[in-house]
Amino acid sequence: MKNFILKGIALFLFSFITISCSNEDDNEKLALNITSNTTEKNVKITFTSIEINGNITSSVREEIISRGVSWGTTPHPTINENKVEESNNTFTSKIRGLAPNTLYYFRVYASSKAETVYGPELVFSTSN
């Protein structure tokens, strides 16, 4: 019985160490930090446009090659749908041509050569 318990503990520790090591590698890849300054109080919404503020920081030396805001009418929009690309890491994106009285989902994004990382999803509705 003791051997069974010791083997179980050893297997647990091995699994924990293996998972911890692989998570450290993933954290290196996902080191871009995406924030959004937009709240309901400071967002500018009209009938067909919206302004989203973003700030992108990185704790690794990987170059950010693209950044901005992606949006759509369904949750979790990606840059494959709609996007506004910005040239600086701190920006205000003006998204025009939206439908009036429509719910939109927005996410600030940053892309490196290896991946695209998204910030928290924001949900706003244009005016009617």
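See above for the structure.
No experiment lies behind these values; they were computed from the predicted model shown. Along every chain, residues carry numbers that run from 1 in the direction the sequence is written. Since the coordinates come from a predicted model, pLDDT governs what is reported: local features require at least 70, and pairs of side-chain atoms require 80 or more to be given and counted, while whole-chain, interface and lining totals use all residues. To get the side-chain values, take all heavy atoms of the structure and skip hydrogens and water.

(A) Local environment of the pairing of strand S4 (residues 66-72). Buried means the residue's accessible area, taken with a 1.4 Å probe over protein chains only, is under 20% of the maximum for its type, while exposed means over 50%, and partly exposed covers the values in between. Strands here mean DSSP runs of E at least two residues long; helices mean DSSP runs of H or I at least four residues long; both are numbered from the N terminus. Most of S4 is tucked away, with 7 of its 7 residues classed as buried. Pairing between strands requires that DSSP locate at least two bridges from one strand to the other. As paired elements, S4 and strand S5 (residues 82-86) share 5 bridges and run antiparallel to each other. Opposite arginine 67, over in S5, you have glutamate 86 as the bridge partner.

(B) Broad picture of the nonpolar core. Here, nonpolar core refers to any group of buried Ala, Val, Leu, Ile, Met, Phe, Trp, Tyr and Cys residues whose side-chain atoms link them within 4.5 Å. Ranked by size, the top nonpolar core spans 17 residues in total, and within it Ile50, Ile52, Val69, Trp71, Ile95, Phe106 and Phe124 carry the most contacts. Breaking this core down by element, the ones donating at least two residues are strand S3 (49-58), S4, strand S6 (90-96), strand S7 (103-111) and strand S9 (122-125).

(C) Seen up close, the environment of serine 49. Within the element layout of this structure, serine 49 appears in strand S3. Throughout, a residue-residue contact means that at least one pair of heavy atoms, one from each residue, lies within 4.5 Å. Not counting chain neighbours up to four residues away, the residues in contact with serine 49 comprise Lys44, Ile95, Arg96 and Leu98. One polar contact links serine 49 to threonine 46, side chain to side chain, over a distance of 2.6 Å. Pairing of N or O atoms within 3.5 Å defines a polar contact, subject to two protein rules: one partner must be a possible hydrogen donor and the other a possible acceptor, and residues neighboring in sequence count only if both atoms are side-chain atoms.

(D) Spotlight on the packing of aromatic side chains. Stacked, edge-to-face and tilted labels apply to pairs of Phe, Tyr and Trp rings (six-membered ring for Trp) whose centres lie within 6.5 Å, assigned for plane angles under 30 degrees, over 60, and everything in between, in that order. Here the structure, examined in full by the defined rule, presents 2 aromatic pairs. Ring plane angle 40° and centroid distance 6.3 Å describe the contact between tyrosine 104 and phenylalanine 106, whose orientation is recorded as tilted. Aromatic side chains phenylalanine 106 and phenylalanine 124 sit 6.3 Å apart centroid to centroid with 45° between the ring planes, which places their arrangement in the tilted category. Of this pair, phenylalanine 106 sits in strand S7 while phenylalanine 124 is found in strand S9, placing the two residues 18 residues apart along the sequence.

So, to be careful, I would describe these as geometric facts and stop short of saying anything about function.
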